[in-house]
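Now for the letters of each chain:
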Amino acid sequence: MPRIFGRKQSPGGFEGFGEDVTKLPPIGHDGPKTLMAIMAHPDDIDFGSSGSIARWCSEGWTVYYVLTTSGDKGTHEPGLTGQELAAIREEEQRQAARVLGVKEVFFLGYEDGFVGTDREIRERLVKLFRVYKPDVVLTWDGFRASFNHNDHRNTGIAVRDALFPAVRDRLYFPEHTAEGLGEWRVNEILLVGSPDPNYFVDVSGFIEKKADAILAHASQVQSHDRDALIKQMRDRGKRAGGRGLVESFKRVHMRTSERARAAEEAQRNGATAPSAEAPVGAGPSRH
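Definitions and cut-offs
Residues numbered from 1 in each chain as written. Predicted model: local features only at pLDDT ≥ 70, side-chain atom pairs only at ≥ 80, totals over all residues. Heavy atoms only, no water. Helix = DSSP H or I, 4+ residues; strand = E, 2+ residues; numbered from the N terminus. Buried < 20%, exposed > 50% of the residue type's maximum accessible area, 1.4 Å probe, protein only. Contact = heavy atoms within 4.5 Å. Phe/Tyr/Trp six-rings, centres within 6.5 Å; stacked < 30°, edge-to-face > 60°. Salt bridge = Lys/Arg side-chain N within 4 Å of Asp/Glu carboxyl O. Axes fitted to C-alpha atoms, helices over the stretch in contact; angles between N-to-C directions. Parallel < 35°, antiparallel > 145°, perpendicular 65-115°, else oblique. Left-handed = near helix turned anticlockwise from the far one by under 90°. Nonpolar A, V, L, I, M, F, W, Y, C, P; charged D, E, K, R; others polar. Pairing = 2+ DSSP bridges.

### A look at the environment of Thr-34
Structurally, Thr-34 can be placed in strand β3 (residues 34-39). Residue class for Thr-34 comes out buried when judged on its relative accessible area of 17%. Considering only alpha carbons, one finds Thr-34 and Pro-134, 100 residues apart in sequence, at a separation of 4.8 Å. Sequence-distant contacts of Thr-34, defined by excluding residues within four places in its chain, comprise Thr-62, Tyr-64, Tyr-132, Lys-133, Pro-134, Asp-135 and Val-136.

### Notes on the packing of aromatic side chains
Counting across every chain of the model gives six aromatic pairs. Consider the rings of Tyr-64 and Phe-106, whose centres lie 6.2 Å apart with planes at 35 degrees: the pair is tilted. Here the residue Tyr-64 occupies a position in strand β4 (residues 62-69), and Phe-106 occupies one in strand β5 (residues 104-110), the gap between them amounting to 42 residues. Residue class for Phe-106 comes out buried when judged on its relative accessible area of 15%.

### Describing the environment of Pro-165
Relative to the elements of secondary structure, Pro-165 occurs in the loop between α4 (150-163) and α5 (175-178). Through-space distance from the C-alpha of Pro-165 to that of Arg-185 is 9.3 Å; in sequence the pair is 20 residues apart.

### Looking at the pattern of salt bridges
Considering all chains together, one arrives at 15 salt bridges under this definition. Lys-210 is the partner of Glu-247 in a salt bridge, and the nearest nitrogen-oxygen pair spans 2.8 Å. Placement of the pair is Glu-247 in strand β9 (residues 246-253) and Lys-210 in helix α6 (residues 207-215), with a sequence separation of 37 residues. Side by side, Glu-247 and Lys-210 carry an identical accessibility label, which is buried. One salt bridge connects Asp-235 with Lys-231, and the closest N-O pair in it is separated by 2.8 Å. With Asp-235 and Lys-231 both in helix α7 (residues 226-237) and four residues apart, this pair spans about one turn of that helix.

### Some details on the packing of helix α3 (residues 119-132) against α4
It is the contact of α3 with α4, at a shortest axis distance of 9 Å, that shows an interaxial angle of 60 degrees. As judged from the angle between their axes, α3 and α4 are oblique. At the point where α3 passes α4, the crossing takes the right-handed sense. Contacts from Ile-121, Arg-122, Leu-125, Val-126 and Phe-129 in α3 reach Ala-158, Val-159, Asp-161, Ala-162 and Leu-163 in α4. Counted by class, the contact of α3 with α4 contains eight nonpolar, no polar and two charged residues.

### Topic: the pairing of β9
Two strands pair when backbone bridges link them, and strand β7 (residues 188-192) and β9 are joined in this way by four bridges, in the antiparallel orientation. Residue pairing across strands places Glu-188 opposite His-253, the latter belonging to β9. Pairing of strand β8 (residues 199-202) with β9, which is carried by four bridges, proceeds in the antiparallel orientation. Residue Val-201 lies in a different strand from β9, and its bridge partner there is Glu-247.

Quick look at the structure:
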């Protein structure tokens, strides 16, 4: 394995991506977490993950929603402008969040259908991470091979780029330092829509909450029959060969290096952090 400046380079250049998560304890085993769910459009989070969100909120987690657009497209109502639709969908998203117990909802305001992966969106995401300090980030799998909406794909990629390495390195967006914001480290990512999920959340006790969150998006659903929706979800969970009433994610664990752990422990104890002249093999490269 090649060495970079006296330290081993992690496989593929990524810090712990691809680690066998089945050998890790479940997320939240050691107490409530802070989670930030980041998707492209109002309703994206709730259709795929609101049962899990409801469960985590009931367990004391702090959950934030971030939508990169306000959903100013996606209607067949004649005469309704994009601005009017965005206002409707923002309020629908806030209502769904209230149903689940989500603490706050943020809209980044990019045009529906044209979300990019540029410096601006990455900086805005890094700032949110540094301000709200999530332990877990939930987003779309931006690298799935099958058909993928531009906004889903680019939101997922922008989030990954913000999480590694940008938010971990003070030299990315140093203007944050002047605002009193330091580096932050997120070690758990849950990817939605992955072709090979490896993490499953039992939502059997939260189907009603999920139905209410979905139905809050009244402008986007064809039927508003709550009982029929709950029955449909329960029947789907009983299908032969299925996993039951679960929501599925690809869990990505980004390992914290030994050197980083030692530095964090030293900081907590008021000691001097380890020298930059760390021994070979002390941790993977930052890039």
